[in-house]
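Geometric and topological summary
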Amino acid sequence: MGLIFLVGFMGCGKTTMGRKLATALGYEFLDLDHALEAHAGMPIPEYFAAHGEDEFRKLESSILKETAYPENAIVSTGGGLPCFFDNMDWMNAHGQSVYMKLTPKALASRLEHAKTPRPVLQGKKGDELVAFIESKLAEREPFYSQASVTAESFVDLTPENILRLLNLQQ
């Protein structure tokens, strides 16, 4: 099958689902956020603070395009990665992509209770967080929707249903 890239907003479960899909298919799992942190030698929030968003997005794109991928892998991407440069086109040209689509309220609930804090969300809760997510999703939806397939809601977001959407039933 090759490479399967998981895209979607922060908190949609790309890393968790990526591990489950990799196990189900016997593929390797790569998290591009972890690859970026290893390359930069620091956590993403520190890199972002030190170098700014433009430099972060350039590095993120180069990590996407220059990583030596195994033949078969599930790749979890950063939430903004598909929305810059030609990243979405590149992913679709080099494999399949899955948009993991959740509602703003579902994302807000997950992000409010996340173990790892997200700097961009600092201080946002409840309706303010939902409004922030709605605004960001409106910007990102045109990019996310270019994915090979879309897994919507918690019904589709199981390894079995994603494999079905990709025509890879086990």
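Presented here is a report on the structure given in the accompanying data block. Predicted model only: the values in this text are computed from it and were never measured. (Residues numbered from 1 in each chain as written. Predicted model: local features only at pLDDT ≥ 70, side-chain atom pairs only at ≥ 80, totals over all residues. Heavy atoms only, no water.)

**Here's the deal with the pattern of salt bridges**
It is possible for side chains bearing opposite charge to pair when their charged atoms get close. Under the defined criterion, the tally for this structure stands at 6 salt bridges. The salt bridge involving Glu 60 is made with Arg 57; its shortest N-O contact spans 2.8 Å. With a gap of 3 residues between them, Glu 60 and Arg 57 both fall in helix H3 (residues 44–66), about one helical turn apart. When sorted by exposure, Glu 60 lands in the same class as Arg 57, which is buried. Salt bridges linked by common partners bring Glu 53, Arg 57 and Glu 60 together as one network. (Salt bridge = Lys/Arg side-chain N within 4 Å of Asp/Glu carboxyl O. Helix = DSSP H or I, 4+ residues; strand = E, 2+ residues; numbered from the N terminus. Buried < 20%, exposed > 50% of the residue type's maximum accessible area, 1.4 Å probe, protein only.)

**Here we look at the side chain of Lys 14**
By the element assignment, Lys 14 lies in helix H1 (residues 14–25). Of the side chains with opposite charge, Asp 33 lies nearest to the buried Lys 14, which makes no salt bridge, at 6.6 Å. Within the structure, Lys 14 has its side chain in polar contact with the backbone oxygen of Gly 8 (distance 2.8 Å). If we skip the residues at most four places from it in the chain, Lys 14 touches Leu 6, Val 7, Gly 8, Phe 9, Ser 76, Thr 77, Gly 78, Gly 79 and Met 100. (Lys, Arg positive; Asp, Glu negative; His and termini not counted. Polar contact = N/O pair within 3.5 Å; in protein donor to acceptor, adjacent residues only side chain to side chain. Contact = heavy atoms within 4.5 Å.)

**Examining the sheet that holds strand E3 (residues 73–76)**
Taken in spatial order, the 5 strands make up an open sheet running E2-E3-E1-E4-E5, and their pairing is parallel. Since the sheet does not close on itself, it has two edges, and those belong to strand E2 (28–31) and strand E5 (149–152), each with one partner. Averaged over neighbouring strand pairs, the angle between their axes works out to 20° when direction is ignored. Here strand E1 (residues 3–7) pairs with strand E4 (residues 96–101) via 4 bridges, running parallel. In the sheet register, Phe 5 faces E4, and the bridge partner there is Ser 97. With respect to the sheet, helix H4 (residues 87–94) is in contact with E1 and E4, its orientation differing from that of E1 by roughly 150°. (Pairing = 2+ DSSP bridges. Axes fitted to C-alpha atoms, helices over the stretch in contact; angles between N-to-C directions.)

**Remarks on the packing of H3 against H4**
Viewed as axis vectors pointing N to C, H3 and H4 meet at an angle of 10°, and their least axial separation amounts to 11 Å. Between H3 and H4, the angle falls in the class roughly parallel. Here Ser 61, Leu 64 and Lys 65 of H3 come into contact with H4, specifically with Asn 87, Trp 90 and Met 91. When grouped by side-chain class, the residues that make up the contact of H3 with H4 number 3 nonpolar, 2 polar and 1 charged. (Parallel < 35°, antiparallel > 145°, perpendicular 65-115°, else oblique. Nonpolar A, V, L, I, M, F, W, Y, C, P; charged D, E, K, R; others polar.)

**Some remarks on unusual backbone geometry**
With glycine set apart, most residues show a phi of negative sign, and most peptide bonds adopt trans. Unusually for a residue other than glycine, Phe 85 sits at a positive phi of about 50°. Here Phe 85 is to be found in the loop between E3 and H4. Under the relative-accessibility criterion, Phe 85 is labelled exposed at 52%. The backbone of Asn 167 shows a phi angle near 60°, a positive value even though the residue is not glycine. Topologically, Asn 167 is positioned in the segment after helix H8 (159–165). Among the residues examined, Asn 167 registers a relative accessible area of 64% and is labelled exposed.

**A few points about the environment of Thr 15**
Residue placement: Thr 15 occurs in helix H1. A C-alpha to C-alpha distance of 9.7 Å links Thr 15 and Leu 32, two positions 17 residues apart in sequence. When neighbours within four sequence positions are excluded, Thr 15 is seen to be in contact with Phe 29, Asp 31 and Ser 76. Within the local environment of Thr 15, its side chain forms a polar contact with the side chain of Asp 31, the two groups lying 2.9 Å apart.

**Examining the pairing of E4**
The side chains of a regular strand alternate, first on one face of the sheet and then on the other. By the criterion of burial, E4 is predominantly enclosed, with 5 of the 6 residues buried. Two elements, E4 and E5, share 4 bridges in a ladder whose sense is parallel. Across the sheet, residue Met 100 finds its bridge partner in E5, namely Ala 151.

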